[in-house]
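One letter stands for each residue in the lines below.
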Amino acid sequence: MADGSSETKSSNQMWGGRFASGPDAIMEEINASIGFDKKLYAQDIRGSIAHATMLAQQGIISAEDKDKIVHGLNTILSEIESGSFEFSRRLEDIHMNIEARLAALIGPPAGRLHTARSRNDQVALDFRLWVKEELQKTEKALTTLIAAFLDRAEEHAETVMPGFTHLQTAQPVTFGHHCMAYVEMFGRDRARVRHAIEHMDESPIGAAALAGTGFPIDRHMTARALGFREPTRNSIDTVSDRDFALEFLSIAAIAATHLSRLAEEIVIWSTPQFGFIRLSDAFSTGSSIMPQKKNPDAAELVRAKTGRINGSLIALLTVMKGLPLAYSKDMQEDKEQVFDTAESLELAVAAMTGMVRDMTIRADRMKAAAGSGYSTATDLADWLVREAGLPFRDAHHVTGRAVALAEEKGCELADLALADLQAINPAITDKVYDVLTVEASVASRTSFGGTAPAEVRKQIAWWRTRN
């Protein structure tokens, strides 16, 4: 007896302080998901009500039992939403917590609810419903962000700024045109969201553990009741599929990348060296030691959220990559990354929408920078092609010599004397000065999707009809 007691004590010490009761405590800790999957309570109850209603309609359970089940589930919903429901880790997950409480409320009829279903198709349904609802919220948030950019683009369709490649001044553009670039980016994100909603609009319930069921269920009825287009078509794939979660994380990662690029520009533009924009105190913080500082912390935090969201995508891809069909317990690790990503993306989109609407555009600083770095050099080359008939490569060479001369003289291209330009190429006339201003450069870019103010307004009008 003494030897057994000593052995038990040694074993408990081996398991460690938190798991002093031994392997059972470890199993409970690793197996329980109620700490995070309780977020699915509304979807679980909604799915169970639809399932019970279908079972009664098909004569699998009585109408009386169905009514008791539905009443009990609605009572549980009220308890959870009021905060009086007690979740138990011993019951592992949200499904068993609700089922146990239902049994306590209505007795034996509760045991009939799980007829013709498994926790495998139950969790697939709950999670899919949750992701679908989150995608719908994401679509609305992106639409609001796009609208904010459309407003700023319209306001600044003629505001000249430098366009960059390699973060070096390239050609003049308008701030409105730059805003419309983000409209295109977030518009693609929204299109991906809409496609994902359509793609995942199938109901998993009724697939049971993996092989379907012998009960005469009506999966089309439950699909309609839950707002799905139709039921899934293969029971094995149904319980092992988490593509809808991966699609959500993929979409979130791409959208977060776009948000991060925008955040980086806001950080750069708000520096004293650029001074293109000014953020209000609502989206900035001060320094604990330098009283003059105004830091774009909201933009920096949006930028950082991207790493977190990307990590969630990689985590779930790694969980799923080696799983045989059908369900494996590994898939319990599918939810926390999605929940965290949804929260991070929602916050990042809201913060960026606020910054876009809030920031003050310093048009004077943008215009002053627009002509730097000989940004109208391409306009000179194009003029030589159009007016002097030079092949573009020859025009490019002539323009390069003009830029070198301007650098030598310490002036802009528009400030070079006509005689200096004609010494490089005699075909140049005084009409060339019409294209060497940033305003003229911007106005000339009238190709479809170009930066000319009139073209920018056309694109704004087109997007207004799609918003």
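Now for a description of the structure that goes with this document.

Conventions adopted
- In this convention, every chain numbers its residues from 1, walking through the sequence in written order.
- Local features in a predicted model are, by the rule used here, given only for residues with pLDDT of at least 70; side-chain atom pairs are given and counted only at 80 or more, and totals for whole chains, interfaces and linings are based on all residues.
- Each side-chain value is worked out from all heavy atoms of the structure, with water and hydrogens disregarded.
- Working definition of a nonpolar core: buried Ala, Val, Leu, Ile, Met, Phe, Trp, Tyr and Cys residues. They are joined through side-chain atoms within 4.5 Å.
- Working definition: with a 1.4 Å probe on protein chains only, accessible area under 20% of the residue-type maximum means buried, over 50% means exposed, and in between means partly exposed.
- Labels follow the DSSP assignment, with helices taken as runs of H or I lasting at least four residues and strands as runs of E lasting at least two, numbered in each case from the N terminus.
- Note on definitions: salt bridges are taken to be side-chain nitrogens of Lys or Arg within 4 Å of carboxyl oxygens of Asp or Glu.
- Residues are said to line a cavity or pocket when one of their atoms sits within 4 Å of a point; the points come from a 1 Å grid over protein atoms alone, cavities being sets where a 1.4 Å probe fits but cannot get out and pockets being open sets with protein on both sides within 12 Å along at least five of seven lines.
- Grid points are joined across faces, edges and corners, and a volume is the space filled by probe spheres set on the points.
- Each residue gets one of three labels, nonpolar for Ala, Val, Leu, Ile, Met, Phe, Trp, Tyr, Cys and Pro, charged for Asp, Glu, Lys and Arg, and polar for the others, Gly among them.
- Here a strand pair is declared whenever DSSP counts at least two bridges between the two strands.
- Only Phe, Tyr and Trp rings take part, Trp by its six-membered ring, and two of them pair if their centres are within 6.5 Å. Stacked means planes under 30 degrees apart, edge-to-face means over 60, and tilted covers everything else.
- Whether a charge sits over a ring comes down to the Lys NZ or Arg CZ being within 6 Å of the ring centre and within 35 degrees of the ring normal.
- We call two residues in contact when some of their heavy atoms are within 4.5 Å.

### A word on the nonpolar core
Okay, step 1: The biggest cluster of nonpolar side chains holds 72 residues, and the ones touching the most others in it are Met 352 and Met 355.
Okay, step 2: Looking at this core, the elements that each hand over two or more residues are α7 (119-155), α8 (175-199), α11 (243-269), α12 (297-320), α13 (335-358), α14 (363-370) and α19 (453-466).
Okay, step 3: When residues of this core are assigned to their parent elements, the largest contribution, 17 residues, is made by α11.

### Focus on the pattern of salt bridges
Okay, step 1: Scanning the model with the defined rule gives 29 salt bridges in all.
Okay, step 2: For Asp 334, the salt bridge goes to Lys 335, with nearest N and O atoms at 2.8 Å.
Okay, step 3: Overall, the relative accessible area of 0% leaves Asp 334 in the buried class.
Okay, step 4: You can call Lys 335 buried: its relative accessible area is 4%.

### Focus on empty space enclosed by the protein
Any empty space left between atoms is shown by rolling a water-sized probe over those atoms.
Okay, step 1: Applying the stated criterion across every chain yields a total of 1 cavity of 30 Å³ or more.
Okay, step 2: In this structure, the largest cavity encloses a volume near 50 Å³.
Okay, step 3: Forming the boundary of the largest cavity are Asp 44, Ser 48, Leu 73, His 95, Ile 98, Glu 99, Leu 102, Leu 113, Arg 117 and Gln 122.
Okay, step 4: The set of elements that each furnish at least two residues to the lining of the largest cavity consists of α4 (41-57) and α6 (94-106).
Okay, step 5: Residue classes in the lining of the largest cavity are distributed as 4 nonpolar, 3 polar and 3 charged.

### Regarding the pairing of strand β1 (residues 160-165)
Okay, step 1: With 6 bridges connecting them, β1 and strand β2 (residues 168-174) associate as antiparallel partners. For Gly 163, the partnering residue across the bridge sits in β2 and is Gln 171.
Okay, step 2: Linking two consecutive strands that pair antiparallel, namely β1 and β2, is a turn of 2 residues; a positive phi of about 60° is found at His 166 within it.

### Considerations on the packing of aromatic side chains
Okay, step 1: Considering all chains together, one arrives at 11 aromatic pairs under this definition.
Okay, step 2: Aromatic side chains Phe 127 and Phe 244 sit 5.5 Å apart centroid to centroid with 75° between the ring planes, which places their arrangement in the edge-to-face category. Of this pair, Phe 127 sits in helix α7 while Phe 244 sits in helix α11, and the two are 117 residues apart along the sequence. The two residues Phe 127 and Phe 244 agree in class, both being buried.
Okay, step 3: Ring geometry for Trp 130 and Phe 339: centres 4.8 Å apart, planes at 65°, overall edge-to-face. Of the two residues, Trp 130 is situated in helix α7 and Phe 339 in helix α13; the sequence distance between them amounts to 209 residues. One exposure class covers both Trp 130 and Phe 339, and it is buried.
Okay, step 4: Joined through ring pairs, the aromatic side chains of Phe 127, Trp 130, Phe 244 and Phe 339 make up one cluster.
Okay, step 5: Directly above the aromatic system of Phe 127 lies the positively charged group of Lys 335, at a separation of 5.5 Å from the ring centroid.
Okay, step 6: Against the face of Trp 463 rests Arg 466, its NZ or CZ located 5.5 Å from the ring centre.

### A look at the environment of Ala 351
Okay, step 1: Positionally, Ala 351 belongs in helix α13.
Okay, step 2: Look at Ala 351 and you get buried, because its relative accessible area is 16%.
Okay, step 3: Residues Ala 351 and Asp 218, spaced 133 residues apart in sequence, show a C-alpha to C-alpha distance of 45 Å.
Okay, step 4: For Ala 351, the residues in contact, after removing those within four places along its chain, are Phe 283 and Val 302.

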